[in-house]
Amino acid sequence: MSRNGKQPTRRSILAATGGVAGASALGLAQPAMAASTRTLDTAPFAATTIQPGDPRFADLTVGLNQRWTSSPDRVHLVSTTQQVVNAVQQAVTANKRVSVRSGGHCYEEFVYNSSVKVIVDMSEMDRVYFDTAKNAFAVEPGANLGDVYDRLFRGWGVTIPGGMCYSVGAGGHVAGAGWGLLCRRDGLIVDHLYAVEVVTVDSLGIAKAVVATRDDTGPLRDLWWAHTGGGGGTFGIVTRYWFRSPNATGNNPAALLPKPPAEVLISALFWSWANLTQADFAKLVNNFTNWHEAHSAPGDTPGLNSFLILNHKSAGQIGLLTHLTGDTPNADTVLQNFLDYITQGVSLPPLQPSANSSAHGPLANFFVPRRWSWLKATHYLGTDNQVMTNPTLRGDHKSAFHRKGYTAAQITTLYNHLRSTQLDNPLSQVVISSYGAQVNAVAAGATASPHRDSVFKVLYQANWTEAEDDAANLAWLRGLYREVYASKGGVPVSDQQTSGTFVNYCDIDLSDPLYNTSGAPWHDLYWGGNYPRLQQAKAHWDPTNFFRHGQSVRLP
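Read on for an overview of the structure. Model, not experiment: these values are computed from the prediction.

Direction vectors running N to C along helix 6 (residues 218-226) and helix 14 (residues 531-541) enclose 120°, while the axes themselves pass 9 Å from each other. Put simply, helix 6 runs oblique to helix 14. Where helix 6 crosses over helix 14, the handedness of that crossing is left-handed. Between helix 6 and helix 14, the contacting residues are Pro-219, Leu-220, Arg-221, Asp-222, Leu-223, Trp-225 and Ala-226 on the first element and Arg-533, Leu-534, Gln-536, Ala-537, His-540 and Trp-541 on the second.

Listed below in structure tokens is the structure:
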């Protein structure tokens, strides 16, 4: 990456939009899948138990974040629900601690840590198909989001509003109420969740598979609800999701989920850190957050999603990536008005792309907005950057939901930390991203995800490669986050400005009184007033607390 600020790169933008993401590339040649004829117990291969000494063991006992490793007794590589039931029952009988992996993107050591003795690896449970019995689309937890988008679109012309990173597994992404580029138009991915299949353990230690739908009542309804934002690893092991939009009718698969736009407009602007004044920095941040405060209501510019990516100075530049659905009325004008609003009053003009920038493939070739097909843009934005392809990265992440923009003091803090000479890491950044609109059309208690009145979301993150750099990067990130929210006790508590944190950007520091001095417990930051109902579901479906990790829902 150039550090002279003259040529922005794809890495500096795309690395920020997805956090630590996977290394597996999308198979673009996969055919569309028709309605499945497989039964629950049809296995593409027999359940495989992998133990130390097996050459596969090392790759199955570490996630995408290389800070977290484990040394379990065994890894169960499974391909059917019954195989998961058997693996869990075996672990219960032997009193072995279990964790579960789908895509391997957990930001904390909840999957890979020294106390885990059995890992259930769901990566081979990756089917996506239309289930006529449920009149809904089935997605297995090991399916990467990229494959999900390809199969749904190529087979039926539909999609679900999930995340941007292609290699994220559906298992944890959905349970944590994943969001993505279409969230302002179509809401969160869980707003289209019809049913979930979960392997649970009852009070007698018996493992079994349970299917819960949004049409159910009582404990079954609570189990479905718990998987609309309650996070992974708490209630059981998800073996299948089904998706059908709440307002969908009939049995035509092509009419049961949102249709993506035929085209999207993509814009990317960059500003050089070398010439960026504090006043221009503050103006960009204020303009971006003010626009989202003014346009957070359902139906207000729903096709627009944007990222203000505030890289550390060592990256050379900061950027603005904007994605607008092409079917937005007067889309070109809407996009230009947005860009004009964000840049008004900023004295430093965006960087002009160099003559050969297209040959190097950077996002600088979107200085002039381009129209691309939705699938092409989804592939392009979701793949091919260092954070998603580098298997050596270590990282740490923090988050915040905002109801209102930053104060002047907070913006000064951002500016000072991003210009800090104590760190030389171009993969350290603050990413402010669009939220609200259709997300906010759903009541806070309708799903387990309570952040239904926020206008933008923030990801604070650092990624690096060497263990010897852990201390410096963690100190920088923790110091930045603590100082931004210093008046609240170091974390974005629920008040007029902020509304907590994102469970899929899990952060163990929220549980530590050294870093969270607010008096607000970590679970309130994730779930607010929804936490007691999550505890109720936990008590019914996992009464022995068999499924647990550092920030799993606690028994009441």
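The next point concerns the packing of aromatic side chains. All chains considered together, the criterion is met by 28 aromatic pairs. With centroids separated by 5.4 Å and ring planes inclined at 75°, the aromatic side chains of Tyr-481 and Tyr-485 adopt a geometry described as edge-to-face. The residues Tyr-481 and Tyr-485 share a single accessibility class, namely buried. Among the aromatic residues, those joined into a cluster by ring pairs are Tyr-107, Trp-179, Phe-307, Phe-401, Tyr-435, Phe-502 and Tyr-505. Between Arg-370 and the ring centre of Phe-366, over which it is positioned, the NZ or CZ distance is 5.8 Å. Over the ring of Trp-225 we find Arg-533, and its NZ or CZ is 4.2 Å from the ring centre.

What follows covers the sheet that holds strand 11 (residues 304-311). Sheet strands pair by backbone hydrogen bonding; their relative direction is either parallel or antiparallel. Judged by pairing direction, the sheet is antiparallel, and its 7 strands sit side by side in the order 13-10-12-11-15-16-14 without closing on themselves. Both outer strands of the open sheet, strand 13 (370-373) and strand 14 (394-402), are each paired with one neighbouring strand and no more. Direction aside, neighbouring strands of the sheet carry axes that sit 20° apart on average. Across 5 bridges, the pairing between strand 11 and strand 15 (residues 428-434) is antiparallel. Residue pairing for strand 15: Phe-307 is matched across the bridge by Ser-433.

This paragraph deals with the pattern of salt bridges. Summed over the entire model, instances satisfying the criterion amount to 19 salt bridges. A salt bridge links Asp-396 to Arg-67; its shortest N-O distance comes to 3.2 Å. On the criterion of sequence distance, the pair formed by Asp-396 in strand 14 and Arg-67 in the loop between strand 1 (48-50) and strand 2 (74-77) is long-range, its members being 329 residues apart. A single burial state applies to Asp-396 and to Arg-67, both of which are buried. A salt bridge links Glu-263 to Arg-371; its shortest N-O distance comes to 3.1 Å.

For the rest of this paragraph, the subject is the pairing of strand 5 (residues 128-131). Covered by surrounding structure in strand 5 are Val-128 and Phe-130 together with Tyr-129 and Asp-131, the residues of both alternating faces. As paired elements, strand 5 and strand 6 (residues 136-139) share 4 bridges and run antiparallel to each other. Looking at the pairing, Tyr-129 lines up with Ala-138 of strand 6. Remark: 4 residues form the turn of the hairpin made by strand 5 and strand 6, two consecutive strands paired antiparallel; Asn-135 in that turn has positive phi of roughly 50°.

This part takes up the sheet that holds strand 6. Ordered in space as 5-6-9-7-8, the 5 strands form an open sheet in which the pairing is antiparallel. Of all strands in the sheet, those with a lone pairing partner are strand 5 and strand 8 (207-213), marking the two edges. Averaged over neighbouring strand pairs, the angle between their axes works out to 25° when direction is ignored. Where strand 7 (residues 193-201) lies against strand 8, 7 bridges are found, and the strand directions are antiparallel. When the bridges of strand 8 are listed, Val-199 appears paired with Ala-209. Contacting strand 5 and strand 6, helix 3 (residues 145-156) runs over the sheet at an angle of about 45° to strand 5.

What counts, and where the lines are drawn
Residues numbered from 1 in each chain as written. Predicted model: local features only at pLDDT ≥ 70, side-chain atom pairs only at ≥ 80, totals over all residues. Heavy atoms only, no water. Axes fitted to C-alpha atoms, helices over the stretch in contact; angles between N-to-C directions. Helix = DSSP H or I, 4+ residues; strand = E, 2+ residues; numbered from the N terminus. Parallel < 35°, antiparallel > 145°, perpendicular 65-115°, else oblique. Left-handed = near helix turned anticlockwise from the far one by under 90°. Contact = heavy atoms within 4.5 Å. Phe/Tyr/Trp six-rings, centres within 6.5 Å; stacked < 30°, edge-to-face > 60°. Buried < 20%, exposed > 50% of the residue type's maximum accessible area, 1.4 Å probe, protein only. Lys NZ or Arg CZ within 6 Å of the ring centre and 35° of its normal. Pairing = 2+ DSSP bridges. Salt bridge = Lys/Arg side-chain N within 4 Å of Asp/Glu carboxyl O.

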